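Structure at a glance
Below, each chain spelled out in residue letters.
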Amino acid sequence: MTTVLNHLRYRPSHEWIEPGKSPAAVGITDHAQAELTDIVFVDLPVIGRQVKAGDPVAVVESVKAASDIYAPVSGEIVAVNEALNGNPGLINTDPFTEGWIFQIAPSNPTEPDTLLDAEAYRAHIS
Amino acid sequence: MTENLQRSPLHQDHLALSARMVPFAGWEMPVQYSGLMAEHHAVRQTVGVFDISHMGQVIVSGLGAEAFLNHALTNDISRLAPGHGHYTLLLNDHGGVIDDLIAYRTGESEFFLVINAARIDEDWAQLTTLHAAAPSDADIVELANLSPACGGLAIQGPKSRAVFATLFGPDATYPEKNTVISCDTPEGLMWLCGTGYTGEDGFEFFMPATTASDWFQRTVTAVQAEGGLPCGLGARDTLRLEMGYPLNGNDLSPDHTPLQAGLGFFVALNKEHFIGQNALLQEKAAGLTRKLTGFRMTSTAPPPRPHYPVLSAEGQPLGEICSGTLSPTLQYGIGMAYLPPTHTTPGTPLQIEIRGKTYPAEVTKKPFHRPQ
């Protein structure tokens, strides 16, 4: 039973972002964490980095594989979830809240609205 | 899924258990069922069952079988008593590794070989070539490749004996370490082998492919009754690497000799003759230039993985990782790499380059983990 939250926006590569906020938290979806399985390491981005939508900005690693995490929108990385350094499994247990990965200040505040809404993301992963 | 992959006789059973299927060595195999970590810990703490139907089986028999295999393989097979087996290697003329395998003596002049899935064709080609080249006055040797007709299961972990008793009855003889029991059943031959790839107590057994699904169902039930789990190739890889066991294709290849791989114990260099012997004698006399060396990460770092560069503490390139993982038991990164002899002493500092950053590591003795 995969959870998809109605108030978030989604990139087809399975990142979520909070719309209408700056900074906006970004993480990976419940579906993505289930596919990746036990997450054992997260390479967090550098605070202050300017990124473009689609840039690989973080790496989430299970025992078997390292997976790139992409910026869902353009902007500046303004915070990272340091708790993941000690407890990367937060992404598995709570992907939408405690397991957020970084916060971004979108260059264009309405860019998140151009991403998939919950209904479209559900269709994407079904 | 990639095309032309072979399927295990347990394919439908894996799907019914919601296994995640991946390509491995030309086969579509389960990488995990409930989760790699849980499966790994099940084998260390209770018991797990693995599908090893992809592995190959060859029978070598006849009055000349012992002499034939002692020529083809590195270990001294004449020292094996009936009912016993050992780890050995099949080399090319240059001493490079074609395959690593277990050879069991199942009768006075009958041997059962268990070979790697990815090397069945190469092994068979090498054995049949050597067979064809044998002198005409040599004693008779017969080769049979049973690989497509056999299924296989590995039961591994401290509760393996309880699972064995459930499957075969409380009075059945357990195959102790490095022994083999072959039995003739109405459906065909079965082999029970006291071997494994995890470092734990356990056994492997091979049966007619037509009966594999039935055995698997019964084994899963018995394993679960002991608190264990069906386990995929993901856990099989982390378990074997914690023991420092090499994986053919990662750590063993025709580019490296068993001496470089630290497998000299399984090479009877002084026996009369075997394929690759001259190359190994020369290498031994000249001194090894590379040795398969264990290392561990010494600070928080991403899991080390194959092909990441290995550097000296001063930043000089030394080689690349062959096998690497986060050890689920030890909770730090471990791996193996072919390194120059200057960098093989335990405690020697190293650096591992991961995505352009370097992380500290040090040379460590194998095995990385010793089961209780």
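This structure is a prediction, so every number in the text was calculated from the model and none was measured.

Residue and element names in this part refer to chain B. If you walk through the whole model with that rule in mind, you get 0 disulfides over all chains. Not part of a disulfide, Cys150 finds its nearest cysteine sulfur in Cys193, a span of 10 Å. Residue class for Cys150 comes out buried when judged on its relative accessible area of 6%. Cys193 takes part in no disulfide bond, and the closest cysteine sulfur to it belongs to Cys183, at a distance of 9.9 Å.

With that settled, the discussion passes to the pairing of strand β7 (residues 97-107) of chain B. Residue and element names in this part refer to chain B. Burial runs high along β7: 11 of the 11 residues are buried. Examined bridge by bridge, strand β6 (residues 85-91) and β7 share 7 bridges and lie antiparallel to one another. Pairing of Tyr87 across the sheet is with Ile102, part of β7. Count of turn residues in the β6/β7 antiparallel hairpin: 5 residues, of which Gly95 carries a positive phi of about 85°. As paired strands, β7 and strand β8 (residues 110-115) are joined by 5 bridges and run antiparallel to one another. Bridge pairing in β8 links Tyr104 to Phe112.

Below, the discussion takes up the sheet that holds strand β15 (residues 291-297) of chain B. Think of a sheet as strands paired side by side through backbone hydrogen bonds, with each pair either parallel or antiparallel. Residues and elements named next belong to chain B. The strand order β15-β18-β17-β16-β19-β20 describes a closed barrel built from 6 strands, whose pairing is antiparallel. Within the sheet, the average angular offset between the axes of one strand and its neighbour, ignoring direction, is 40°. Here strand β17 (residues 317-326) runs beside strand β18 (residues 333-339); their pairing, made up of 5 bridges, is antiparallel. Across the sheet, Gly324 pairs through a bridge with Gly335, a residue of β18. Packed on one face of the sheet, helix α7 (residues 233-242) meets β17 and β18 and runs near 125° to β17.

With 14 residues of chain A at the contact, the number on the chain B side is 19 residues. Summed over both partners, the interface of chain A with chain B buries about 1,300 Å², with 53% contributed by carbon and sulfur atoms. Of all residues in chain A, Phe41, Val63 and Lys64 of chain A bury the most surface against chain B, accounting for 42% of the area lost on that side. With a shortest N-O distance of 3.7 Å, Asp43 of chain A and Lys357 of chain B are connected by a salt bridge. Across the contact surface, chain A and chain B share 10 residue pairs in polar contact (both at pLDDT 80 or more). Of all the secondary structure elements, the ones that give two or more residues to the side of chain A that touches chain B are α1 (30-36), β4 (39-43) and β6 (56-62) of chain A. In terms of residue class, the side of chain A that touches chain B is built from 7 nonpolar, 2 polar and 5 charged.

Residues and elements named next belong to chain B. Taking strand neighbours across the sheet as the criterion, the 5 strands line up as β6-β7-β8-β5-β9 in an open arrangement whose pairing is antiparallel. Only two strands of the sheet have a single neighbouring strand rather than two, namely β6 and β9 (142-145). This sheet shows a mean twist of 25° between the axes of neighbouring strands, independent of strand direction.

The residue after Ser22 of chain A, namely Pro23 of chain A, is reached through a cis peptide bond having omega -5°. As for its placement among the helices and strands, Pro23 of chain A is situated in the loop between β2 (15-17) and β3 (24-28). With an omega of -5°, the peptide bond running from Lys366 of chain B to Pro367 of chain B counts as cis. Position of Pro367 of chain B relative to the elements: it lies in the segment after β20 (357-363). We note that Thr37 of chain A has phi near 65°; this positive angle belongs to a residue other than glycine. You can see Thr37 of chain A is positioned in the loop between α1 and β4. Positive phi outside glycine occurs at Ala25 of chain B, with the angle close to 55°. The residue Ala25 of chain B is located in the loop between β2 (20-24) and β3 (27-32) in this model. Under the relative-accessibility criterion, Ala25 of chain B is labelled partly exposed at 33%.

The next subject is empty space enclosed by the protein. Residues and elements named next belong to chain B. Enumeration over the complete set of coordinates arrives at 1 cavity of 30 Å³ or more. Around the largest cavity sit Leu73, Leu90, Leu101, Leu113, Ile115, Asp123 and Leu127, which together line it. Breaking the lining of the largest cavity down by element, the ones donating at least two residues are β8 and α4 (120-132). Classifying every residue of the lining of the largest cavity by side-chain character gives 6 nonpolar, no polar and 1 charged.

All names here are of chain B. Domain boundaries in chain B define domain 1 (1-288) and domain 2 (290-372). Domain 1 and domain 2 are separated by 27 Å when their C-alpha centres are compared. With 22 residues of domain 1 at the contact, the number on the domain 2 side is 22 residues. Taken together, the links from domain 1 to domain 2 amount to 0 salt bridges. Counting every contact that joins domain 1 to domain 2 gives 11 residue pairs in polar contact (both at pLDDT 80 or more). For the side of domain 1 that touches domain 2, the secondary structure elements donating two or more residues are α2 (36-45) and α7. At 5 residues, α2 tops the list of elements feeding residues into the side of domain 1 that touches domain 2.

Membership of the largest hydrophobic core comes to 37 residues, with the highest contact counts inside it found for Phe112, Trp191 and Leu252 of chain B. Sorting the residues of this core by element identifies β6, β7, β8, β10 (150-156), β12 (188-193), α7 and β18 of chain B as the ones contributing at least two each. When residues are assigned to domains, this core turns out to be shared by domain 1 (1-288) and domain 2 (290-372) of chain B, each giving three or more. Beyond its immediate sequence surroundings of up to four residues, Phe112 of chain B is in contact with Gln57, Val58, Ile59, Ile102, Ala103, Tyr104, Thr106, Trp191, Cys193 and Phe206 of chain B. Within the second largest apolar cluster, 24 residues are counted, among which are Val42, Ala58, Ala71 and Val73 of chain A.

Bringing helix α6 (residues 209-225) of chain B into the picture now. Residues and elements named next belong to chain B. Compared with an ideal rise of 1.5 Å per residue, which puts 17 residues at 24 Å, α6 spans 25 Å between its outermost C-alpha atoms and is within 8% of the ideal. If you check which residues of α6 are buried, you get Thr211, Ala212, Trp215, Phe216, Thr219, Val220, Ala222 and Val223. Gly227 occupies a position one or two residues after α6 and carries a positive phi of about 85°.

What counts and how
- Every chain begins its residue count from 1, and numbering advances along the sequence as written.
- Both sets of labels track the order of writing: A upward for chains, 1 upward for ligands.
- In view of the model being predicted, local features appear only for residues whose pLDDT reaches at least 70, and side-chain atom pairs are presented and counted only at 80 or more, with totals across whole chains, interfaces and linings using the full set of residues.
- Hydrogens and water molecules were not included; the side-chain quantities draw on all heavy atoms of the structure.
- We call a pair of cysteine sulfur atoms a disulfide whenever their separation is within 2.5 Å.
- Exposure is judged per residue with a 1.4 Å probe applied to protein chains only, and the accessible area is read against the type maximum: over 50% gives exposed, under 20% gives buried, and values in between give partly exposed.
- Strands are runs of DSSP state E lasting at least two residues, helices are runs of H or I lasting at least four, and both sets are numbered from the N terminus onward.
- Pairing between strands requires that DSSP locate at least two bridges from one strand to the other.
- Working convention: axes come from line fits to C-alpha atoms, limited for helices to the stretch in contact. Angles between N-to-C directions cover 0 to 180 degrees.
- Here, two residues are considered to be in contact whenever any of their heavy atoms come within 4.5 Å of each other.
- For any pair of parts, buried area is found by adding up, for both, the accessible area (1.4 Å probe) each one loses once the two are put together.
- Here, a salt bridge means any Lys or Arg side-chain nitrogen found within 4 Å of an Asp or Glu carboxyl oxygen.
- Any N or O atom pair separated by 3.5 Å or less is treated as a polar contact, with the protein-specific requirement of one donor-capable and one acceptor-capable atom, and with residues adjacent in sequence counted only for side-chain atom pairs.
- Side-chain classes are defined by residue name, with Ala, Val, Leu, Ile, Met, Phe, Trp, Tyr, Cys and Pro counting as nonpolar, Asp, Glu, Lys and Arg as charged, and the others, Gly among them, as polar.
- Only protein atoms enter the 1 Å grid used here. Points where a 1.4 Å probe fits but cannot escape make up a cavity, open sets with protein on both sides within 12 Å along at least five of seven lines make up a pocket, and a residue lines them when an atom lies within 4 Å of a point.
- Grid points are joined across faces, edges and corners, and a volume is the space filled by probe spheres set on the points.
- Source of the domain bounds: an automatic or database domain assignment.
- Residues enter a nonpolar core if they are buried and are Ala, Val, Leu, Ile, Met, Phe, Trp, Tyr or Cys, with the set joined through side-chain atoms within 4.5 Å.
- To estimate how far a helix should reach, multiply one less than its number of residues by 1.5 Å.

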